[in-house]
Amino acid sequence: MADIDKTLPNIKRPEEEVAEVINLQEEETPKGPVEVTEDEEGATIDFDPNAMPLPEEGDHFANLNDLLPEDITDPIANRLEGDYREYKASRADWERAYTVGLDLLGFKYENRTEPFQGASGATHPVLAEAVTQFQALAYKELLPADGPVRTQTMGASNPQKEQQSQRVKDFMNYQLMDQMKEYEPEFDQMLFYLPLAGSTFKKVYYDDLLGRAVSKFVPADDLIVPYTATSLEDATSVCHVIKISENDLRKQQVNGFYSDIELNKPQDVVTNEVKKKELELEGLTKSQRVEPLYTVLEFHADLDLEGFEDVGKDGEPTGIKLPYIVTIEQGSRKVLSIRRNFAPNDPLKNKIQYFVHFKFLPGLGFYGLGLIHMIGGLSRTATAALRQLLDAGTLSNLPAGFKQRGVRVKDDAANIQPGEFKDVDTPGGNLKDAFVFLPYKEPSQTLLQLMGIVVQAGQRFASIADMQVGDGNQQAAVGTTVALLERGSRVMSAIHKRLYVSLKQEFKLLSNVFKTYLPPEYPYDVVGGQRNIKVTDFDDRVDILPVADPNIFSMSQRISLAQTELQLAMSNPQMHNLYMSYRKMYEALGVKDIDRILPPPPPNQPKDPAIEHIDAMAMKPFQAFPGQDHRAHVTAHLNFMASNFVRNNPSITAALEKNIMEHISLMAQEQVQIEFPQEFAMLPQMQQQAVQNPQVQQQLQQISQKIEARKAVLIADMTEEFMKEEKTITSQFDHDPLLKLKQREVDLKAMETERKQQEVDARINLDKAKMVQNREITDDKLEQNEDLAELRADTAIEKSLISADVKLTSDRMKAKDVKTLKGPKS
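Residues numbered from 1 in each chain as written. Predicted model: local features only at pLDDT ≥ 70, side-chain atom pairs only at ≥ 80, totals over all residues. Heavy atoms only, no water.

Engineer: Where do I start with the overall build of the protein in this structure?
Structural biologist: A tally of regular secondary structure across the protein gives 22 helices and 19 strands. Looking at the protein residue by residue over its 826 residues, the buried ones come to 36%. Across the protein, the fraction of contacts at a sequence separation of at least 24, relative to all contacts at a separation of at least 6, is 66%. Surface accessibility of the protein: about 50700 Å² in total, with carbon and sulfur atoms responsible for 54%. (Helix = DSSP H or I, 4+ residues; strand = E, 2+ residues; numbered from the N terminus. Buried < 20%, exposed > 50% of the residue type's maximum accessible area, 1.4 Å probe, protein only. Contact = heavy atoms within 4.5 Å. Areas by Shrake-Rupley, 256 points an atom, 1.4 Å probe, with all protein chains shown as cover.)

As structure tokens, this is what we get:
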């Protein structure tokens, strides 16, 4: 027994094991206490009972709040809720300006009692008109009926990439327009908020309850960032304020998305001043039976979470904060969920972005500028001028004044309403002398002109004024038309490009959601068939873009550009494809079944020599094709060229000789393919490999040079044979001197005709150049006259305002002098 103990020192007797277990229950290791749990099968020893439990393997985005004690989560909730209040206070002026600016829409009529009862409360619709027209234009361009997504292949195109691109396009449009029911109405609503607030947001994520991707509209007042943030990418924290009912929150808790913890009762429905103002403009008032809502704060922030620290290569915490999504119920200040916000296979642990920022105009900081900020002052001025004009008309149509009764004026401190006469105690006299009308004036024409200038300035900024492009001058120069288009739409075009970039980013986030949550292959039904999409289709080989053109934002602009393009093509039809120009014009007009109105030109087909002779005489194009009997075509053309009619028409001869050269080139090409069959069989494979292999590229170049050299020799021999055959056929005409003289005379006449035609063409081109120059000079003069007219109008307005101030000052001085002369009242 002793020998066994010496040879196996690590084996302990049963009594020694029991004593050691008892000692472990009483002693503590350097890392903490040790717990022993006994069960039927034996004992479980835990050397670190205070360590954080880890989530299940493979569940990277698990709710870590279920694994953390409250002494860790409660301080996080208090700190983040305090950050929310601080972020919200830092943008109080922005909320105040936006709230006050909403009154300029004029949705609610104001019953005014100042300066008199029933004074006008109308609001000029310049802001509402600008917002409505922008929303209508952007909605039509960015969200067509077929879907807003188009795709393009990256790199060299091939049939596999084209099919993949088409699958991605069809599937994303199917999801957006058919499955994602909220996308279209919320996108429409977002385009109305955008020109008002200047900033709106979209949140793209996968909804577990719906089982699909969601792109949700988030108003600017519901997304709050720190004071120092300039963009979503560099914001240290982003807070999304979510209003949720008690029942929906309970669903999320039962589903496991939120921790099942006890919360306080929900608070009031509306706590945001912006929301209150929006509901007030809609005419909605809160009743006593409105169900209260929870306010959930969803923070996308960086945290150094205890128990889940970032660990370096040495296994020690680095102190680097990692991105998390922390959800807090504001009333209870309780954490509902903490989830990692970085990909499981990302070594850099970069933040996953869920939000897309849509900007109307780039602001000076994080938030964009809207029409409230840009033309809000003009809208207030136009509203004030409109109300003054209406009040002046009311006072002029319903005059008020004093009537005679005695000496003392009854209620002399009260305002005189239109159509009202006050009793005045004065001595008796004539009846007409018993009434004194207050000196109300007609509405001022100067004020009316000033209001018109203010309204035009607001419309010009918002690009809602009618663009008179080509009206009354259909022969306007192309450059002038394009310049007018650019001048009238530069602001809206820039806004449209910003929306295009944001929409592209939204589609990228959606494609990432599909790539993450779709099964390997997903079948879906569409009208008239069934489609399949693969997860591998959402890779870097396909670029996803909005279907809208970033440079065009309206149908009128598209039609004007298509009309200008057609005008250019018609000026020189030989250099342009008139069919495509007309087709683009029909597409700009939105015409359907274009092929029935504008049938496409038939494709070029091989023709016999007689048909080619007919086409040559009709000045129609024709060409040679591989596989034809090239020698028979050449002989037929040479025989036809020997006729007197063709010999007297150089244009027909040139067309036939061009076709003969095409046949010679194809004959040489076919002969080379017969002589070098192996080289031609290797060419396609070598062309694909030559892109990445310089050695193969050099071999390909050598083979190409060899083939081209042999082809050149064959063409030279065939051309020489062609010249001999041509001389043989035309030699019968060379022995007749009369025919030679006649031919010479015909050639001279043809040369003279061609010379005259060149002079006429040169004269026409010179006249066109002069017309273009004159139009440019006229356009410059018109622009100068417009500038001078605006300057004169501004000067006249300033003079009228100065005159009005001088007159008002003079009237006040006269009134003061009269009062001084009359002395104090008795």
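On we go.
Engineer: When you look at the pattern of salt bridges in this model, what are you seeing that I'm missing?
Structural biologist: Should their charged atoms come close, side chains of opposite charge can pair. By the definition in use, this model includes 29 salt bridges. One salt bridge in this structure joins arginine 250 and aspartate 260, with 2.6 Å as the shortest N-O distance. On the criterion of sequence distance, the pair formed by arginine 250 in helix 8 (residues 246-255) and aspartate 260 in the loop between helix 8 and helix 9 (273-282) is long-range, its members being ten residues apart. One salt bridge in this structure joins glutamate 675 and arginine 710, with 2.8 Å as the shortest N-O distance. Residue glutamate 675 is found in helix 19 (residues 650-675), and its partner arginine 710 is found in helix 21 (residues 694-734); the two are separated by 35 residues along the sequence. Residue classification places arginine 710 among the partly exposed positions, given a relative accessible area of 28%. Through salt bridges with shared partners, one network takes in Glu81, Arg85 and Arg333. (Salt bridge = Lys/Arg side-chain N within 4 Å of Asp/Glu carboxyl O.)

Engineer: Would you mind going over the packing of aromatic side chains with me for this structure?
Structural biologist: The description of an aromatic ring pair uses the distance of the two centres, along with the angle that the planes make with each other. Tallied over the full model, the rule gives 17 aromatic pairs. Ring geometry for tryptophan 94 and tyrosine 98: centres 5.7 Å apart, planes at 25°, overall stacked. In this pair, tryptophan 94 and tyrosine 98 are both assigned in helix 4 (residues 92-101), four residues apart and thus about one turn of the helix distant. Here tryptophan 94 matches tyrosine 98 in class, with each residue buried. Taken together, a centroid distance of 6.0 Å and an interplanar angle of 15° make the contact between phenylalanine 201 and phenylalanine 366 stacked. Here phenylalanine 366 lies in the loop between strand 13 (355-359) and helix 10 (371-397) and phenylalanine 201 lies in strand 6 (residues 199-207), a separation of 165 residues in the sequence. An aromatic cluster of at least three residues, connected via ring pairs, comprises Phe171, Tyr174, Phe514, Tyr522, Tyr524 and Phe538. It is lysine 203 that lies over the ring of tyrosine 205; its NZ or CZ is 5.3 Å from the centre. Directly above the ring of phenylalanine 257 sits arginine 339, whose terminal nitrogen or CZ lies 4.4 Å from the centroid. (Phe/Tyr/Trp six-rings, centres within 6.5 Å; stacked < 30°, edge-to-face > 60°. Lys NZ or Arg CZ within 6 Å of the ring centre and 35° of its normal.)

Engineer: Honestly, helix 3 (residues 70-90) in this entry has me stumped. Any pointers?
Structural biologist: Structurally, the α-helix is built with 3.6 residues per turn, so residues lying three or four positions apart point the same way. Compared with an ideal rise of 1.5 Å per residue, which puts 21 residues at 30 Å, helix 3 spans 30 Å between its outermost C-alpha atoms and is within 8% of the ideal. All buried positions along helix 3 are accounted for by Ile72, Thr73, Ile76, Ala77, Leu80, Glu81, Asp83, Tyr84 and Tyr87. Seen from one end, helix 3 has its buried residues packed into an arc of 160°, which puts them on one side. In helix 3, those exposed residues whose orientation departs by more than 90 degrees from the buried face are Glu70, Asp71, Glu86 and Ala89. Buried-residue contacts for helix 3 involve strand 8 (223-224), strand 9 (237-245), strand 10 (293-303), strand 11 (322-329) and strand 12 (334-340). (Expected span 1.5 Å × (residues − 1). Arc of directions from axis to C-beta.)

Engineer: When you look at the nonpolar core in this model, what are you seeing that I'm missing?
Structural biologist: It is characteristic of soluble globular proteins that their nonpolar side chains tend to be buried jointly. Membership of the largest hydrophobic core comes to 72 residues, with the highest contact counts inside it found for Met172, Leu223, Phe507 and Leu510. The residues contacting leucine 510, other than those within four sequence positions of it, are Met172, Leu176, Met180, Val204 and Ala213. (Core = buried A, V, L, I, M, F, W, Y, C linked by side-chain atoms within 4.5 Å.)

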